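Residues per chain are reported as follows:
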Amino acid sequence: MSKQIILVTGASSGFGLMTAKALAEAGHTVYASMRETEGRNAPRVAEVAVWSKEHGVDLRTVELDVQSDASAESGIVHVLKDAGHLDVIVHNAGHMVFGPAEAFTPDQFIQQYDVNVLGAHRVNRSALPHMRGQGKGLLVWVGSSSTRGGTPPFLAPYFAAKAAMDALAVSYSTELARWGIETTIMVPGAFTKGTNHFAHSGKPFDEARVAEYEAGPYAGVADQALKGLAGLEPADADPAEVAREIVRVVDAPFGKRPFRVHVDPSQDGAEIVNGVADRMRREMYRNIGLDDLLHPRVNA
């Protein structure tokens, strides 16, 4: 295994922080990116520095707000100046909201797309010129089983944004293959414990419409959906398994990494549906004579 320079977005907590730590423990130089490193995340920056020193690993932090073009650019520039190059990007930054779709304002939907979709695109636009220039790299996209698995109610803005992110990752994969850049899409299931994903989820701004749902035929549905999701989850479900799978992907030989990895203890069906969709994608590329784009080119 060769040591890689890795950037993990949205690494102040949850899957991002777990992944950054796991990759650092595997011997890589990892940049845990987050926003407000001198503001509300300053304590996290200090904690990461202490943890890195105590464990004898190379885990660093970098200011990077995926919702800002300038911040994405300066974050990537910092990594390149500091480390000299960049081998892997883990697109993890994201945010969840919970409530009736109708009760979310259009601006709230825009916010979901901005974080979950455009955030990754901004980072790509800043980093890909360098990665294409070096002729080798890896993008790991942290998606969601909700894009093609079971979709419980009241998570529409998040599900829609994650589906858009998945579609973007699929398209990027073949557009980057001849540049020697590989793609893996991680597909976590609904881990209701062990991360702040559900605990910190956003709420609809239109409280009057939420009240109409709660006072009408959808009374109790929100609680039932959350309890139902938690009930589907095995007692031993460990969100850190997502981080461990990302380490396995990063450590795998170039050209041998899986296109999609499911980590879904609840087995909501996404693996089956994705299997069919990905097969149809492969057939389409063969039929149009571009099947070489399904695999990263090894560039000298």
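Not measured: the values here are computed from a predicted model.

Draft legend 1. Spotlight on the overall build of the protein chain. The number of helices and strands found in the protein chain is nine helices and seven strands. Rg of the C-alpha trace for the protein chain: 19 Å, near the compact-globule value of 19 Å for 300 residues, within the 12% margin. In terms of its C-alpha atoms, the protein chain occupies a principal-axis envelope of roughly 65 × 55 × 40 Å. Across the 300 residues that make up the protein chain, the buried fraction comes to 48%. Excluding contacts between residues fewer than 6 apart, the proportion of contacts in the protein chain whose partners are at least 24 apart in sequence is 78%. Total accessible area on the protein chain stands at roughly 13,900 Å², and carbon and sulfur atoms take up 54% of it. With 29 positive and 36 negative side-chain charges, the protein chain shows a separation of 6 Å between the mean positions of the two kinds.

Draft legend 2. Local environment of helix H7 (residues 221–232). An ideal rise of 1.5 Å per residue puts 16 Å on twelve residues; H7 measures up with 16 Å between its terminal C-alpha atoms. Within the sequence span of H7, burial applies to Val221, Ala225 and Leu229. The arc that holds every buried residue of H7, seen down its axis, measures 70 degrees, which confines them to one face. Opposite the buried face of H7, at more than 90 degrees from it, the exposed residues are Gln224, Lys227 and Gly231.

Draft legend 3. How the structure looks around the environment of Val142. Relative to the helices and strands, Val142 is located in strand E5 (residues 137–142). Along the sequence, Val142 and Tyr172 sit 30 residues apart, while their C-alpha atoms lie 14 Å from each other.

Draft legend 4. Broad picture of the pattern of salt bridges. Taken as a whole and assessed by the stated rule, the structure comprises 18 salt bridges. Where Asp58 meets Arg60, a salt bridge forms, and the shortest distance between an N and an O atom there is 2.8 Å. Taking relative accessible area as the criterion, Arg60 reaches 28% and is therefore assigned partly exposed. Between Arg178 and Asp292 there is a salt bridge, with the nearest N and O atoms lying 2.9 Å from each other.

Draft legend 5. Structural context of the sheet that holds strand E1 (residues 5–8). Pairing is parallel across the open sheet formed by seven strands, whose spatial order is E3-E2-E1-E4-E5-E6-E7. Strand pairing shows two members of the sheet lacking a second neighbour, strand E3 (58–63) and strand E7 (260–263), which therefore form its edges. Shown here is a sheet whose adjacent strand axes are inclined to one another by a mean of 20 degrees, direction ignored. Here strand E2 (residues 29–34) pairs with E3 via six bridges, running parallel. Along E3, the bridge assignment pairs Thr29 with Asp58.

Draft legend 6. Local environment of the pairing of E1. Here E1 shows a buried face lined by Ile5 and Leu7 and a second buried face lined by Ile6 and Val8. Strand direction decides the pairing type here: E1 and E2, joined by four bridges, are parallel. The residue of E2 that forms the bridge with Ile6 is Val30. You can see the chain leave E1, run along helix H1 (residues 14–25) and come back into E2, and the turn it takes is right-handed. In the sheet, E1 pairs with strand E4 (residues 88–91) via three bridges, with the strands oriented parallel. Each residue of the ladder has a partner; that of Val8, found in E4, is Val90.

Draft legend 7. Summary view of the pairing of strand E6 (residues 181–188). Among the eight residues that make up E6, eight are buried, leaving the element largely enclosed by the rest of the structure. Side chains Ile181, Thr183, Ile185 and Val187 project from E6 onto one buried face, and the interleaved Glu182, Thr184, Met186 and Pro188 project onto a second face that is buried too. Handedness of the β-α-β unit built from E5, helix H5 (residues 156–176) and E6 comes out right-handed. With four bridges connecting them, E6 and E7 associate as parallel partners. If you follow Val187 over to E7, its bridge partner there is His262.

Draft legend 8. A look at helix H2 (residues 42–55). Compared with the 20 Å implied by 1.5 Å per residue over 14 residues, the 20 Å span of H2 between its first and last C-alpha is a close match. For H2, the full list of buried residues reads Val48, Trp51 and Ser52. Down the axis, H2 shows its buried residues gathered within 100 degrees of arc, on one side only. Summarising the geometry of H2, the exposed residues directed more than 90 degrees from the buried face are Lys53 and Glu54. Looking at the buried positions of H2, the neighbouring elements they touch are H1 and E3. Just downstream of H2, Gly56 is the residue with a positive phi angle, here 65 degrees.

Conventions used here
Residues numbered from 1 in each chain as written. Predicted model: local features only at pLDDT ≥ 70, side-chain atom pairs only at ≥ 80, totals over all residues. Heavy atoms only, no water. Helix = DSSP H or I, 4+ residues; strand = E, 2+ residues; numbered from the N terminus. Rg over C-alpha atoms; globule rule 2.2 N^0.38 Å. Buried < 20%, exposed > 50% of the residue type's maximum accessible area, 1.4 Å probe, protein only. Contact = heavy atoms within 4.5 Å. Areas by Shrake-Rupley, 256 points an atom, 1.4 Å probe, with all protein chains shown as cover. Lys, Arg positive; Asp, Glu negative; His and termini not counted. Charge placed at Lys NZ, Arg CZ, Asp CG, Glu CD. Expected span 1.5 Å × (residues − 1). Arc of directions from axis to C-beta. Salt bridge = Lys/Arg side-chain N within 4 Å of Asp/Glu carboxyl O. Pairing = 2+ DSSP bridges. Axes fitted to C-alpha atoms, helices over the stretch in contact; angles between N-to-C directions. Right-handed = clockwise from strand over helix to strand, strands pointing away.

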